[in-house]
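# Analysis of the macromolecular model
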Amino acid sequence: MRRRAADFRRPVRRRLSNVFWFTLCGLAVLFFILVLSRESGPRSKPMMSKRAYRQERIMEGLNITEEMLSPNSVTRQLSDQISLAKAFVVIAKESSNLQFAWELSAQIRNSQILLSNAATRRTPLTISESETAVRDMALLLYQAQQLHYDSATMIMRLKAKIQSLEEQMNSVSEKSSKYGQIAAEEVPKGLYCLGLRLTNDWFKNANLQRKSRDRKHVEMKLKDNSLYHFCVFSDNILATSVVINSTATNSKYPEKVVFHIVTDEVNYPPMKAWFSLNSFKGVTIEIQKIESFSWLNASYVPVLKQLQDSETKNYYFSGNLDNGQTPIKFRNPKYLSMLNHLRFYIPEVFPALKKVVFLDDDVVVQKDLSDLFSTDLNGNVNGAVETCMETFHRYHKYLNYSHPLIRSHFDPDACGWAFGMNVFDLVEWRKRNVTGIYHYWQEKNVDRTLWKLGTLPPGLLTFYGLTEPLDPSWHVLGLGYTNVDPQTLEKGAVLHFNGNSKPWLKIGMEKYKALWEKYVDYSHPSLQQCNFH
């Protein structure tokens, strides 16, 4: 009996202990929850205020009013209906359902008038005044759905429309590029007329020819290395005249400036006539024709050798080699012109000179350039302004780096530079046989696998490691195809109209034409007779 009594008491003692501990744990949990709620309470207000602030900013940015956010807003309902109806108008027109498109358009106008009137009087639309418009639009939208103008159909049709527009845009862009290239290559009537008149004057006027021959004092200047020698290779009389006039006008010592012009046989007489008729502040001018250089023949010059190849002629002059797949700009015959490639033969053209500044005929000089002749090239051959401020002017954008010969010799991220205003040290040029380097790369590119376009790619190869960077203000590019920073223009010594939009063409960029035209004397009789203005 005692054992049972003892057993009875032990369970009672354990039950009381469990109740105590359960109660204590419950109190602890309640206390913990209370503490957490107190900590999170103050933080909820800033979160709510931050969310409200963000909503206010969104409303300001999107010009949203409280009425438009209201779930009962008639204005929002009408606006949504108009947006959907406009999409259905496009689809209806594409499906040739013009009557239904007209009905939708008319209802859109009615709804827009209601919204306009409400905005004018600055009071929300009421249900009574908009009920008819909402109901009529809803019926038309329901009818559109019955005509299978649903979302899926609309998406497919819009995708097809976008694809069609992209194809049209690509076609127009290609035609624009082609016609732009053709326009850039045309000879304006005025220039053609000027050439004919000057040629006529040259052969009719014996005094002009005599004046050109009687210049013995000039011969010494042509070889005097203490003077400032510039060379221009061009068949454009007016453009060459602007280069010389702008250089003379802005030169501190125009009497020390010597210009060496090389042109072709057709433009030699008018060039001689023009520069005999006009003076440029005492600047000395020499004119030669490229045909007079007996050393310039196919056995020595790779470009002339390539011109004798029937495949090359077919590629450049007919475009039939690849069924017209190559863009027209890559097949421009001017890139095989010897006037274009003569820049690689400057030491042979001027054997007595030690340093020259090469200028393209599409530049304008607006600062004195005499300091270029005292610029230290640090043993390099070519002084040029680098153009690698943007990634697309590095070597890999001009050359074919899938070719092992290019890949193994040239850094793809090497900095490109520009032709158009270059200082050439002809002593170093001859010492390093730079023309021989040019011949090597030109012969390697007979099949046009190293590069396709122009004289800059072979120039980059030829003068690789032989180019000294000049201050960018010496040569400002882009006036023939893009916008140029006004401050950069003002500081620039030589402004280059590189690109298709030359200033003497109708397609020239109007905003920059004045920079070129101020060096053209439109009152000159020859220009007047050829209707230059």
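Refer to the structure above for everything that follows.
Since we're looking at a predicted model, the values are computed, not measured.

Rules of the game
Each chain carries its own residue numbering, running from 1 in the written order of its sequence. Whole-chain, interface and lining totals are the exception, using all residues; otherwise, since this is a predicted model, local features are given only for residues with pLDDT of at least 70 and side-chain atom pairs are given and counted only at 80 or more. To get the side-chain values, all heavy atoms of the structure are used, and hydrogens and water are removed first. For the exposure calls, accessible area comes from a 1.4 Å probe over protein chains only, and a residue counts as buried if that area is under 20% of its type's maximum, exposed if over 50%, partly exposed in between. Think of it this way: any DSSP run of H or I at least four residues long counts as a helix, any run of E at least two long counts as a strand, and we number them from the N terminus. When DSSP finds two or more bridges between a pair of strands, those strands are recorded as paired. Look down the strands so they point away from you; if going from the first strand over the helix to the second traces a clockwise path, that crossover is right-handed. Each cavity reported here is a set of points on a 1 Å grid over the protein atoms alone in which a 1.4 Å probe fits but cannot get out, each pocket an open set with protein on both sides within 12 Å along at least five of seven lines, and each lining residue one with an atom within 4 Å of a point. Grid points are joined across faces, edges and corners, and a volume is the space filled by probe spheres set on the points. For this classification, the nonpolar set comprises Ala, Val, Leu, Ile, Met, Phe, Trp, Tyr, Cys and Pro, the charged set comprises Asp, Glu, Lys and Arg, and every other residue, Gly included, is treated as polar.

### Quick notes on the pairing of strand β2 (residues 257-263)
For a regular strand, side chains alternate in direction, first toward one face of the sheet and then toward the other. Counting buried positions along β2 gives seven out of seven residues, so the element sits mostly inside the fold. Residues Val-257, Phe-259, Ile-261 and Thr-263 line one face of β2 and the alternating positions Val-258, His-260 and Val-262 line the opposite face, and both faces are buried. Alignment of strand β1 (residues 228-233) against β2, held across six bridges, turns out to be parallel. Within β2, the position partnered with Phe-230 by the bridge is Phe-259. Read as a crossover between parallel neighbours, the route from β1 over helix α10 (residues 237-250) to β2 is right-handed. Looking at chain direction, β2 and strand β3 (residues 284-289) are connected through six bridges and run parallel.

### A look at empty space enclosed by the protein
Tallied over the full model, the rule gives two cavities of 30 Å³ or more. As a volume, the second largest cavity reaches approximately 40 Å³. Lining the second largest cavity are Tyr-228, Phe-230, Thr-247, Ser-251, Val-257, Asp-368, Leu-369 and Ser-370. Tallied by class, the residues present in the lining of the second largest cavity amount to four nonpolar, three polar and one charged.

### A closer look at the sheet that holds strand β10 (residues 494-496)
Strands sit in the order β5-β10-β9 across an open sheet of three strands; the sheet is mixed. Pairing within the sheet leaves two strands with one partner each, and these edge strands are β5 (363-365) and β9 (475-476). Here two bridges tie β9 to β10, and the two strands are oriented parallel to one another. Across the sheet, the residue bridging to His-475 is Val-494, located in β10.

### Some points on the layout of surface pockets
Approximately 530 Å³ is the volume attributed to the second largest pocket. As for the second largest pocket, its lining consists of 19 residues, and the residues nearest its centre are Pro-188, Gly-190, Trp-504, Lys-506 and Phe-532. Secondary structure elements with two or more residues in the lining of the second largest pocket: α7 (189-204) and α21 (510-517). Residues of the lining of the second largest pocket, tallied by class, amount to eleven nonpolar, three polar and five charged.

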